[in-house]
Structure formats: structure tokens, C-alpha cells
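Observations on the model geometry
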Amino acid sequence: SVNGVLGGYGHVNDADVKGSEGFLQTLLAELFVDGGIDRHLVALDCGSGIGRITKNLLIRYFNEVDLLEPVLHFLDAARESLVQENHMALDEHKATNFYCVPLQEFTPDVGRYDVIWVQWCIGHLTDDDFVSFFNRAKIGLKPGGFFVLKENLARSGFVLDKDDRSITRSDSYFKGLFSRCGLHLYKSREQKGLPKELFAVKMYALTTDIPKRVIKARSKVQANRPGIIK
Ligand SMILES: C[S@@+](CC[C@H](N)C(=O)[O-])C[C@H]1O[C@@H](n2cnc3c(N)ncnc32)[C@H](O)[C@@H]1O
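A brief structural summary. Note that the coordinates shown come from a computational prediction; the quantities given were computed from them, not determined experimentally. (Residues numbered from 1 in each chain as written. Predicted model: local features only at pLDDT ≥ 70, side-chain atom pairs only at ≥ 80, totals over all residues. Heavy atoms only, no water.)

Observations concerning the overall build of the protein chain
Within the protein chain, the secondary structure is distributed over seven helices and nine strands. The C-alpha radius of gyration of the protein chain comes to 18 Å, within 12% of the 17 Å expected for a compact globule of 230 residues. Counting only C-alpha atoms and orienting by the principal axes, one finds that the protein chain spans roughly 65 × 45 × 35 Å. Taken over 230 residues, the protein chain has a buried fraction of 46%. Counting only contacts in the protein chain whose residues sit at least 6 apart along the sequence, the fraction spanning at least 24 positions is 69%. If you sum the accessible surface of the protein chain, you get close to 12,100 Å²; carbon and sulfur atoms cover 54% of it. (Helix = DSSP H or I, 4+ residues; strand = E, 2+ residues; numbered from the N terminus. Rg over C-alpha atoms; globule rule 2.2 N^0.38 Å. Buried < 20%, exposed > 50% of the residue type's maximum accessible area, 1.4 Å probe, protein only. Contact = heavy atoms within 4.5 Å. Areas by Shrake-Rupley, 256 points an atom, 1.4 Å probe, with all protein chains shown as cover.)

Structure (C-alpha cells):
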């Protein structure tokens, strides 16, 4: 259940989806011409669990969504709940592939995805697997495509959870890993409206290149600086 994959905090689902949707809308508008309206948009939902994010968010924005989840009975639950969605959408927005593998063993098809969404699962990967996953996954992005990583944040360093064998990294820890992956941090946003006792949660949009609009904006700033000959 949603409550199960969210560790008993099923009630944060609405705030989480709302925060993700606002961030996704900003990114689609800024990074894709026409906000992606004219494209056949495809997303990958990594560590999808029972398909909560696909069902509540991704399927509404993407023509196709693939799900990756190593626990078979989670993936089966996702498949079952999304069959209904697929049927209603008449193939215009559908969950297409269901991959039952862990991220550290997955390599996507070349150039399939506009967005690779990685939420609340990267803490199960070691640093080396993290870097190796993102490096392999880059080839799965279409030109101009991007990753969204949404994760809990430790205040500093990292926090180890020996029960579920996961690691919660800090913002600067993540940034160090992004640079090891050769990824550009295009934009980040904090998730609002979560209970105070939980870790802070942040969303990161990562690109393989510096987007053209950022290069343009930077050169404008440079050109307007006093002392620079235009
Ligand atoms: C807290 S749940 C979050 C599920 C989903 N992302 C969501 O937000 O609803 C963590 C998920 O990560 C999955 N997971 C654990 N290890 C993983 C790995 N090595 N690769 C991919 N997913 C993994 C778990 O099976 C579980 O479905």
C-alpha cells in the first residue's frame, strides 16, 4: 500500500505529489520547447515500489512510463493498479515496461527517456553503485532529457539506517556525487509541507550538459558586467 511504501506516512502522499508536480512543470516549461507538448514524452520511474508516483503524477504528463522495481510483489501490485489506468487512457498515456531489477544492475535502452525519476530509493545504493548507475543511465536520456532525484537529506555527512540498510546523505554529499557522475545540477527545490519529525526532502534536476538557456543567461550576465568590452 501507499502507507507501506512510505513507512507509515501515507498521508504525506498528497504534499509529495504536489511538490513534485510543481517542480516537474517548471522543468518541462524551461527545458523543453512548448513545455514538451509536441513531444512523445517517456519517463522511467526508478525504485517505483507499487507505482505510487507513476499513478499519481507521471502517467498524467508522459505518454509512456516504464517502472523499475527489484521487489516482484511491489511491481506486480503496480502492474495491477496501472492496468486500469492503461485501459482508461486508450494508449495515449500508459505504463509500458515493468523491469524487475535493482538500479545497480540496470542499463536503459539508448535515448528512450525524457525524464528519469529517482525517488526515495537511491539510499539503497553504495556511492560506487550510485555513480555507476547514473553514468550508465545517461545513455537512456534523449537529447535535452534530465534526471529528477528526490531524496531525504541528512543535516551533514550521512545517516545510516541499519534496519532497512539504507544511507541518508546530506546536500553537500549529494553534490559531491553529482560531480563524480559528471552531472550538471540545473535546479533544486525543497519539498514543503512534510511533518517536522521527518528528514528534509529535496528535489534535484540533473542534466548531462549545461542547458543552452543557462549558457545564454550566463553570457548575458557576463556581457552586462561593467569593465567587460562588449
Ligand atoms: C520508500 S520505497 C519508495 C517507493 C517509490 N519510489 C515511492 O516514492 O513511492 C523504496 C523503494 O526502493 C526500492 N529499492 C530498494 N533497493 C533498490 C535498488 N537497489 N534499486 C532500485 N530500487 C530499490 C524498494 O523495493 C522500494 O520499493
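A few points about the site of the ligand
Neighbouring the ligand are 18 residues, the closest being Gly47, Arg52, Glu69, Gln104 and Gln119. Within the backbone of leucine 103, one N or O atom sits 3.0 Å away from a nitrogen atom of the ligand. Glutamine 104 is positioned with one of its side-chain polar atoms (N or O) 3.0 Å from a nitrogen atom of the ligand. Burial of the ligand by the protein chains amounts to 87% of its free accessible area of 590 Å². Considering only residue class, the shell around the ligand consists of 10 nonpolar, six polar and two charged. (Near = heavy atom within 4 Å. Polar contact = N/O pair within 3.5 Å; in protein donor to acceptor, adjacent residues only side chain to side chain. Nonpolar A, V, L, I, M, F, W, Y, C, P; charged D, E, K, R; others polar.)

Side note on the packing of helix H5 (residues 127-137) against helix H6 (residues 171-181)
The relative placement of two packed helices is expressed as an angle between their axes plus a distance between the axes. Look at H5 against H6: their axes get within 9 Å of each other, and the N-to-C directions meet at 45°. Classified by the angle their axes make, H5 and H6 are oblique. The element H5 and its partner H6 pack so that their crossing is right-handed. Contact residues: Asp127, Asp128, Phe130, Val131, Phe134 and Asn135 in H5; Tyr173, Phe174, Leu177, Phe178, Arg180 and Cys181 in H6. Split by residue class, the contact of H5 with H6 holds eight nonpolar, one polar and three charged. (Axes fitted to C-alpha atoms, helices over the stretch in contact; angles between N-to-C directions. Parallel < 35°, antiparallel > 145°, perpendicular 65-115°, else oblique. Left-handed = near helix turned anticlockwise from the far one by under 90°.)

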